[in-house]
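# Structural overview for review
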Amino acid sequence: MGAFEYTALDPAGKQRKGVLEGDTARQVRQRLREKQWLPLEVQEVVQREARAARGGGRLRRGVSATDLALLTRQLATLVRSGLPLEEALGTVSRQTEKARLKSLVLSVRSRVMEGHSLAAGLAQFPHVFPELYRATVGAGEQSGHLDLVLERLADYTESRQQMRQKVQLALFYPALLLVMSLAIASLLLVYVVPQVVQVFDNMGQELPWLTRALIHVSDGVRDYGLLILPLLVLLVAGVLWLFRRPAPRRLLHRTLLRLPLVGRLVRGLNTARFARTFSILLASGVPVLEAMRIAAGVMSNLPMRAAVEAAAARVREGAAVHRALERSRLFPPITLHLIASGEASGNLEDMLERAAVSQEREIESLVATFLGLFEPLLIIFMGGVVLTIVLAILMPIFQFNQLVH
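Fair warning: this is a prediction, and the values are worked out from it, not measured in the lab.

### Digging into the packing of aromatic side chains
Two descriptors summarise a pair of aromatic rings, namely the distance from one centre to the other and the angle between the planes of the rings. For the structure shown, the criterion picks out three aromatic pairs. Arranged with centres 5.9 Å apart and planes meeting at 55°, the rings of phenylalanine 274 and phenylalanine 331 form a pair that is tilted. Here phenylalanine 274, found in helix 11 (residues 260–283), pairs with phenylalanine 331, found in the loop between helix 14 (321–326) and helix 15 (333–345); they are 57 residues apart in sequence, far enough to count as distant. Judged by relative accessible area, phenylalanine 331 falls into the buried class, the value being 6%. Through a chain of ring-to-ring contacts, the aromatic side chains of Phe274, Phe278 and Phe331 assemble into a single cluster.

This is the structure we're talking about:
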């Protein structure tokens, strides 16, 4: 049995869309005809998602972090209340308002009703449910504590979403300020400066160098602005394409780690991701080496990811986790001390959780510091740009007044 998305016409000629469970697409069409609906398209959810994951629908590859966190919390609550898993999945699918998410959950439910595990059902959509998610669920099913594991997973997804929202909200105002500043400067150069230049042309005197420079910049923006904009877009696209390649991307990530403030931010963000992921996997019963491998996959910085993979190889040979991580010199000392305490006390998952919380607080402090420096510097810079334009306009007027007197 599987889940099928359909598009059909009802007896009134109105188009209807939805999801039905069935063994084959033919069976689903027959069920639609029994309702006197004319089936236009019936497509299995698994096949559609597989095509999207291969690149046919890049905008539809995953689900948002908010949706995943809400789905996990709902499923955890229902399973914790004692509801059978297939009924819990059915309830979650009915509660969601998003058609794609509904079809995904129903497809997982159909897989579970066939006798497969929940982790196997989620494995149909690896682009939607990451390896961390599937491994945690699988460990919970094997240990018989799926409800507890889902609760931890819900906490994890919600905390990551909250962290992402904090960073996005913190960056929103500076980004808006930068866009507005560039728009005002462009407006002055394109519309205001040419009007003032017409007055200077009738004065018949040599203009100051700052005014001449401003006129050249204004002419360049007006004459080549429409050409410069697509060139900038192509340049940005080319840079992004270049840094998707492994070698340049690794070089960029290594350079970011060496920058004074940005390096601390990148190091703290990746350490927090690693520690929290490692913690939830260990608490769910995933073996240490497997947990380290999966936790390395959630790190965006390539040198730090390679350091964790190399540390996992040393742990396999018998080294302690904190000693293996310490050799890379990429992880904050406080995180290594907490991991060492956890290994010594046999409570590694709790110490990893504390390390993640510590790094997340430091990230919030660093972001606040960065924005505290960036905003006034941006205001001063744009004030300097406007002051330069005003001076370039006023200097010929002052010069003309001196000639008159």
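### Observations concerning the nonpolar core
Membership of the largest hydrophobic core comes to 68 residues, with the highest contact counts inside it found for Leu75, Leu118, Val137, Phe278, Leu325 and Phe331. Examining the composition of this core, we find that seven residues originate from one element, helix 11, more than from any other. Excluding residues within four positions of it along the chain, valine 137 makes contact with Leu118, Ala119, Leu122, Leu146, Val149, Leu150 and Leu153.

### Some words on helix 1 (residues 25–34)
Buried within helix 1 are the following residues: Ala25, Val28 and Leu32. Each buried residue of helix 1 sits inside an arc of 60° when the element is viewed along its axis, so together they form one side. Helix 1 presents Arg26 and Glu34 as exposed residues on the side facing more than 90 degrees away from its buried surface. Immediately beyond the C-terminal end of helix 1, within one or two residues, lies glutamine 36, with a positive phi of roughly 65°.

### Quick word on the packing of helix 10 (residues 246–258) against helix 11
Relative to each other, helix 10 and helix 11 sit at 110°, their axes nearing to 5 Å. Taken together, helix 10 and helix 11 sit at an angle that is classed as roughly perpendicular. Counting all contacts with helix 10, which are made through Leu256, Leu257 and Arg258, the residues of helix 11 involved are Pro260, Val262, Gly263, Val266 and Arg267.

### Concerning empty space enclosed by the protein
Inspection of the entire model under this criterion finds two cavities of 30 Å³ or more. By volume, the largest cavity amounts to about 50 Å³. Contributing to the lining of the largest cavity are Leu71, Leu75, Leu89, Val105, Val108, Leu118, Leu122 and Phe129. Going through the elements one at a time, helix 3 (65–80), helix 5 (99–113) and helix 6 (118–122) are the ones with two or more residues in the lining of the largest cavity. Split by residue class, the lining of the largest cavity holds eight nonpolar, no polar and no charged.

### Observations concerning the confidence of the model for the protein
Put simply, the protein has an average pLDDT of 82, and 92% of its residues get 70 or more. A low-confidence stretch, residues 56–60 stays under pLDDT 50, and its non-local contacts, those more than four residues away or across chains, total six contacts.

### Some points on the side chain of serine 93
Secondary-structure assignment places serine 93 in helix 4 (residues 85–95). On the accessibility criterion, serine 93 (2% relative accessible area) is buried. A polar side-chain atom of serine 93 sits 2.6 Å from the main-chain carbonyl oxygen of glycine 90.

### Some words on a nonpolar patch on the surface
A cluster of nonpolar side chains, Tyr224, Leu227, Ile228, Leu231, Leu232, Leu234, Leu235 and Val239, forms an exposed patch at the surface whose accessible area comes to about 780 Å². Following the sequence through the fold, leucine 232 ends up in helix 9 (residues 209–242). Taking the relative accessible area as the measure of exposure, leucine 232 reaches 46% and is therefore partly exposed.

### Points about helix 3
Taking 1.5 Å per residue, 16 residues should reach 22 Å; helix 3 reaches 22 Å between its end C-alpha atoms and fits that length. Where helix 3 is concerned, the buried positions are Asp67, Leu68, Ala69, Leu71, Thr72, Leu75, Ala76, Leu78 and Val79. With its phi angle positive at about 100°, glycine 82 sits one or two positions after the end of helix 3.

Cut-offs and rules
- Residues numbered from 1 in each chain as written.
- Predicted model: local features only at pLDDT ≥ 70, side-chain atom pairs only at ≥ 80, totals over all residues.
- Heavy atoms only, no water.
- Phe/Tyr/Trp six-rings, centres within 6.5 Å; stacked < 30°, edge-to-face > 60°.
- Helix = DSSP H or I, 4+ residues; strand = E, 2+ residues; numbered from the N terminus.
- Buried < 20%, exposed > 50% of the residue type's maximum accessible area, 1.4 Å probe, protein only.
- Core = buried A, V, L, I, M, F, W, Y, C linked by side-chain atoms within 4.5 Å.
- Contact = heavy atoms within 4.5 Å.
- Arc of directions from axis to C-beta.
- Axes fitted to C-alpha atoms, helices over the stretch in contact; angles between N-to-C directions.
- Parallel < 35°, antiparallel > 145°, perpendicular 65-115°, else oblique.
- 1 Å grid on protein atoms, 1.4 Å probe; cavity = no way out; pocket = protein on both sides within 12 Å on 5 of 7 lines; lining within 4 Å.
- Points joined across faces, edges and corners; volume = space filled by probe spheres on them.
- Nonpolar A, V, L, I, M, F, W, Y, C, P; charged D, E, K, R; others polar.
- pLDDT = per-residue confidence, 0-100.
- Polar contact = N/O pair within 3.5 Å; in protein donor to acceptor, adjacent residues only side chain to side chain.
- Patch = residues over 30% accessible without salt bridge, like charges linked within 9 Å, V, L, I, M, F, W, Y side chains within 5 Å.
- Areas by Shrake-Rupley, 256 points an atom, 1.4 Å probe, with all protein chains shown as cover.
- Salt bridge = Lys/Arg side-chain N within 4 Å of Asp/Glu carboxyl O.
- Expected span 1.5 Å × (residues − 1).

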